[in-house]
There are 2 protein chains.
Amino acid sequence: MSNVERHPYLWGNLETPGHLPDAAKDALAALGATPPAPPVPVPDATLPVTELPEAVTSALRTALGSEHVSTEHDTRVGHTRGFSTPDLVKLRSGDASDAPDAVVHPGSHDEVVHVLDICSEHRVAVVPYSGGTSVVGGLAPERGSFAGVVALDTNRLDQLVSVDDVSRTAVLQTGTRGVTAERLLAERGYTLGHFPQSYEMATIGGYAAARSAGQSSAGYGRFDEMVEGLTVATPRGTITLGTAPQSAAGPDLRQLVLGSEGAFGVITSVTVRIHPAPQQRVFEGWKFDSFADGAVALRALAQDGPLPTVLRLSDEVETAVNLSDPDAALGSGESGGCLVVTGYEGTDAQVARTREGASAVLRKLGGVCQGEQPGEAWRTGRFRGPYLRDSLFDSGALVETLETATYWANLDTLKTAVTDAVQAALNDQGSPNLVMCHISHVYESGASLYFTVVTKQLDDPVAQWAKAKAAANAAIRDCGATISHHHGVGTDHREALALELGPIAVDVLRAVKSSVDPAGILNPGVLIG
Amino acid sequence: MSNVERHPYLWGNLETPGHLPDAAKDALAALGATPPAPPVPVPDATLPVTELPEAVTSALRTALGSEHVSTEHDTRVGHTRGFSTPDLVKLRSGDASDAPDAVVHPGSHDEVVHVLDICSEHRVAVVPYSGGTSVVGGLAPERGSFAGVVALDTNRLDQLVSVDDVSRTAVLQTGTRGVTAERLLAERGYTLGHFPQSYEMATIGGYAAARSAGQSSAGYGRFDEMVEGLTVATPRGTITLGTAPQSAAGPDLRQLVLGSEGAFGVITSVTVRIHPAPQQRVFEGWKFDSFADGAVALRALAQDGPLPTVLRLSDEVETAVNLSDPDAALGSGESGGCLVVTGYEGTDAQVARTREGASAVLRKLGGVCQGEQPGEAWRTGRFRGPYLRDSLFDSGALVETLETATYWANLDTLKTAVTDAVQAALNDQGSPNLVMCHISHVYESGASLYFTVVTKQLDDPVAQWAKAKAAANAAIRDCGATISHHHGVGTDHREALALELGPIAVDVLRAVKSSVDPAGILNPGVLIG
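Residues numbered from 1 in each chain as written. Chains lettered and ligands numbered in written order. Predicted model: local features only at pLDDT ≥ 70, side-chain atom pairs only at ≥ 80, totals over all residues. Heavy atoms only, no water.

**Re the packing of aromatic side chains**
Residue and element names in this part refer to chain A.
Piece 1. Within the structure shown, the criterion is met by 10 aromatic pairs over all chains.
Piece 2. Measuring from ring centre to ring centre gives 5.9 Å for F283 and W378, while their planes differ by 45°; the resulting arrangement is tilted. Placement of the pair is F283 in strand β12 (residues 280–288) and W378 in helix α14 (residues 372–381), with a sequence separation of 95 residues. There is no split in this pair, since F283 and W378 are both buried.
Piece 3. Taken together, the aromatic side chains of F195, Y199 and F383 make up a single cluster linked through ring pairs.
Piece 4. It is R384 that lies over the ring of Y387; its NZ or CZ is 4.0 Å from the centre. (Phe/Tyr/Trp six-rings, centres within 6.5 Å; stacked < 30°, edge-to-face > 60°. Helix = DSSP H or I, 4+ residues; strand = E, 2+ residues; numbered from the N terminus. Buried < 20%, exposed > 50% of the residue type's maximum accessible area, 1.4 Å probe, protein only. Lys NZ or Arg CZ within 6 Å of the ring centre and 35° of its normal.)

In structure tokens, the structure reads:
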């Protein structure tokens, strides 16, 4: 995937679609899933009956060049919403009612500032758009009383600007996709080390704006931990942050931009830490008797080390299903057991030292090494989930994910509460389901929980999922956990965020927005109301 | 030191004053220093001719109990300003013109909220006061048109509230001094691992509010990295932050409170990460031919590991002077060379592994191990600097420190520029001087620089230092570095902060303040104007 436009509702590189393994087909049959109606062709999708004021279109064309301002049907459809399952369901049904009126492609930071100026002046909402991979409604603006909606696509801002070999930092433009950033850095002998499942589609600016966390977060950290500096275009002008690795010069405003999801400004470039490309990469599988046992082992590594580069634990259900690669499932047909995947990257010496130390901890706490095969199978399939979702949808299944995080002492309670809540909400609707869970990000004090839900599509899959999601949100809230570990807020989690933060902190976010975006044009309705 | 009140201008535990080593006396003689006039006794210090409105005093007494509201002369003098050298010079001369009108000691979070309510209603400025150790004017409020100034002393909030053994976190009240926190945690088998030079005096809330960094930051992290959660009293009510170790639920507002220096609210408790008390602690000295060589070695450890718990590098001048313990100086009389101190804490196995790995790196990059003696000497003397400053002042020297941070590629340029600027500014005034520097905090991408300046006192030491400090600030700014790595902003760095952030970001800080503190009563003039 280079910076081509995404398909409106199919994931990633369409030359490598997802193929359903036999085990998945069996599971679907058990759920009673039957294929839905075929999707409405993109040219037939229904756009909102809206038009930008001519003065705006004209000003944008003058600022960017006509070829970088589009009001074409397909382009608008292609910039409609993100990649949550409800988003895809809506587009498959031909509903493009959240489409922007125009899509602009600025070619520089100054052009981004210029677009914001024009849109502020005319009260036109601006949706910063990069990979288009939001799964929380981060690209579904509230049109309200705005004179129009423009998607600001960052795809032309996709360069590696500079590398500092001494400080080991690089400046990347916002629209650089993860896979492109890795390629550009590899040419200089480096890696960024950020591998979220959206890696093929999502971009540097999106990672920053939504606080992405990648599969190698144990080794390389979350994306927000990799960021040294940010350049941000706001309707009031440019903010440049990052004068030192750490500072006591007031609050860390980088952390206010990270997670702001386009509501405070458009991130146009990011200075990130980089690492020498690893000499060696090894992935292994370990088996534990139970999720609880596996979680104790992950906690031990997170708290006392040594920490692998990748560290994840699937619960019993996920281990048994292992949709992404059933051949790698632990002793297929065998009941029980939880798979831990460990990955090690670095110099040969670093890998050897960490692998030896971590293996000793895992073994001591009851883990049984399964060798490299399950680890390699995970590595090979790790970006395939979204492709599979498309195939599963065509077969009549509804697949969606949700995630949260909490402290270790609260982890079991949270996992049980969310699982029970989702299952009850789906059972109540008569939709048989599987709820799987894994830990994919660990910290000294806690961990993330990532749930994958597979169920039979009902007639209204959007309403069907909304009930399950509401139940999950309530369970997360009741447990005092966070509404999102790495998916973000968007419009879907806005109310949950308000409950999590409380009214005074929400007012702080509103005050920040009003300060940098007095007309409120930036991603209205995202993050805060 | 338990939670006794500090002496107005003498540091720490007065039973262990600083004794000047012979080497220091020789150095002072070379500078031509002669003892200044003796300090004005505290009872003779001049307070501002101010009085709180009776309605305020009365409301505060009703809220807290009369015994927790003081307008006594000595108490007011004892809460005047912080511990920068200019602060001490002013108090020694009897100038307590920045004293609060009253000092209140709330005993609970709710009482803090109540105090803020009363002071908001009556437009009385509130200075959150804990260790009183600010060296950047963080306790010198701008009285402006406020009806009075109250110091809110957190000394009664000094409890370890709870420990979570599974998640390895603890909740500490804001006024708990570092030394007290370590004692309370040690009783439970833990350490916090935060050891700034102000350790005997400064508190948990102060560490958080000013983004403190301790001497073991390489191993345990900066204080802002240790914080999991915060409870903050604001004039609008309570904000509680921290639902998970990390989250994508919007911007990380913890990082907006950290570094807010009392301008956004009063932090009343902090949830911190804790660690098992180390089985072993080892400190060593290493010698490098030059600061540049030593910096290369520190960078290698920071970027590729393994990282000791303590890692610092003194430049040639600081190594030669080694005021805090001249007996430990490397081959005294020997010219050249720079001291690196390494410290290792953890289990026996962790210490052995890290020490072996780090020693190999240091040796490979030209370091010569000096054994444990210089390391132990540093450890023993590491909290003695402020005591020595008092003794040196009595001998006619002026000692002050300043610090900054930057990226590795910029470090040498910054060090030279600041050193030259300070020396020129002092030489211009005819005050012979020594400018020493060390690196005490390292990151993958950069490091801090900490400068200690010793010069002969002139007739007006405050004006004398102001010129040197202004020159240093300009050099830091010109180099694109941060105005403070861990001292903070206060009033002294307010203008420099504004230059560092730019006007739009400063407006963001103002907007946040207006949102939580509509009357602007919290630490007026600190952080932002």
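**Considerations on the interface of chain B and chain A**
Piece 1. Listed as interface residues are 77 residues of chain B and, on the opposing side, 77 residues of chain A.
Piece 2. Note on chain B versus chain A: buried area summed over both sides is about 5800 Å², and carbon and sulfur give 60% of it.
Piece 3. On the chain B side of the contact with chain A, B:T243, B:Y407 and B:I504 bury the most area, a combined 12% of that side's loss.
Piece 4. Along the contact surface separating chain B from chain A lie six salt bridges. (Contact = heavy atoms within 4.5 Å. Buried area = accessible area lost by both parts, 1.4 Å probe. Salt bridge = Lys/Arg side-chain N within 4 Å of Asp/Glu carboxyl O.)

**Observations concerning the domain arrangement of chain A**
Piece 1. According to the domain assignment, chain A consists of domain 1 (24–153) and domain 2 (280–381).
Piece 2. Placing the centre of domain 1 of chain A and that of domain 2 of chain A at their C-alpha centroids yields a distance of 40 Å. (Domains from an automatic or database assignment.)

**A word on the relation of the copies chain B and chain A**
Piece 1. You can overlay chain B on chain A at an RMSD of 0.0 Å; the transform is a turn of 180° with a shift of 0.0 Å along its axis. Both copies of the chain, as the preceding transformation shows, are related through a two-fold rotation axis. By C-alpha distance to the rotation axis, the residue of chain B lying nearest is B:A511, at 2.8 Å.
Piece 2. Taken together, the interface assignments show that 100% of the residues at the interface of chain B recur at the interface of chain A, consistent with an identical surface on both copies. (Least-squares fit on C-alpha atoms with pLDDT ≥ 70 in both.)

**Regarding helix α6 (residues 178–186) of chain B**
Piece 1. Within α6(B), burial applies to B:G178, B:T180, B:A181, B:E182, B:L184 and B:L185.
Piece 2. Those residues of α6(B) hidden inside the fold are in contact with β5 (160–164), β6 (169–173), β7 (190–191) and α7 (204–210) of chain B.

**Points about the UniProt feature "binding site: substrate" (unreviewed entry) in chain A**
Residues and elements named next belong to chain A.
Piece 1. Here, the residues flagged by UniProt with the feature "binding site: substrate" (unreviewed entry) are R389.
Piece 2. Position of R389 relative to the elements: it lies in helix α15 (residues 385–394).
Piece 3. The class for R389 is buried, based on a relative accessible area of 11%.
Piece 4. For R389, the residues in contact, after removing those within four places along its chain, are F83, S84, T85, L88, V399 and E400. (UniProt positions renumbered as here; feature names shortened; annotations may be inferred.)

**Thoughts on the sheet that holds strand β14 (residues 338–346) of chain A**
Residues and elements named next belong to chain A.
Piece 1. Spatially, β15-β12-β14-β13-β17-β18-β16 is the arrangement adopted by the seven strands of the open sheet, whose pairing is antiparallel. Each having just a single partner strand, β15 (368–371) and β16 (397–407) make up the two edges of the open sheet. The sheet shows a mean angle of 25° between the axes of neighbouring strands, taken without regard to direction.
Piece 2. In terms of strand pairing, strand β13 (residues 310–314) meets β14 through four bridges, oriented antiparallel. Counted as the bridge partner of V310 is G343 from β14.
Piece 3. Along the sheet, helix α16 (residues 411–428) contacts β16, β17 (433–439) and β18 (446–456); its crossing angle with β18, the most-contacted strand, is approximately 15°.
Piece 4. Running over the sheet, helix α17 (residues 461–478) touches β16 and β18 and is turned about 15° from β16. (Pairing = 2+ DSSP bridges. Axes fitted to C-alpha atoms, helices over the stretch in contact; angles between N-to-C directions.)

**Examining the environment of A:A125**
Piece 1. Mapped onto the fold, A:A125 is located in strand β3 (residues 125–129).
Piece 2. Beyond its immediate chain neighbours, meaning those up to four positions away, A:A125 contacts A:F146, A:G148, A:V149, A:V150, A:I521 and A:P524.

**Observations concerning helix α11 (residues 291–304) of chain A**
Piece 1. Counted at 1.5 Å a residue, the expected span for α11(A) with its 14 residues is 20 Å, and the 20 Å between its end C-alpha atoms agrees.
Piece 2. Of the residues trailing α11(A), A:G305 is marked for its positive phi of about 70°. (Expected span 1.5 Å × (residues − 1).)

**A closer look at the side chain of A:T419**
Residue and element names in this part refer to chain A.
Piece 1. In this structure, T419 sits in helix α16.
Piece 2. The exposure class assigned to T419 is buried, which follows from its relative accessible area of 15%.
Piece 3. Only 2.7 Å separates the side chain of T419 from the backbone oxygen of K415, close enough to count as a polar contact. (Polar contact = N/O pair within 3.5 Å; in protein donor to acceptor, adjacent residues only side chain to side chain.)

**Brief notes about the pattern of salt bridges**
All names here are of chain A.
Piece 1. Following the criterion strictly, the structure yields 46 salt bridges over all chains and no others.
Piece 2. Taking the shortest distance from any N to any O, the salt bridge between D98 and R81 comes out at 2.7 Å. Remark: R81 occurs in the loop between α3 (73–78) and α4 (85–92) and D98 occurs in the loop between α4 and β2 (102–104); sequence separation between them is 17 residues.
Piece 3. Exposure remark for R81: the relative accessible area of 2% places this residue in the buried category.

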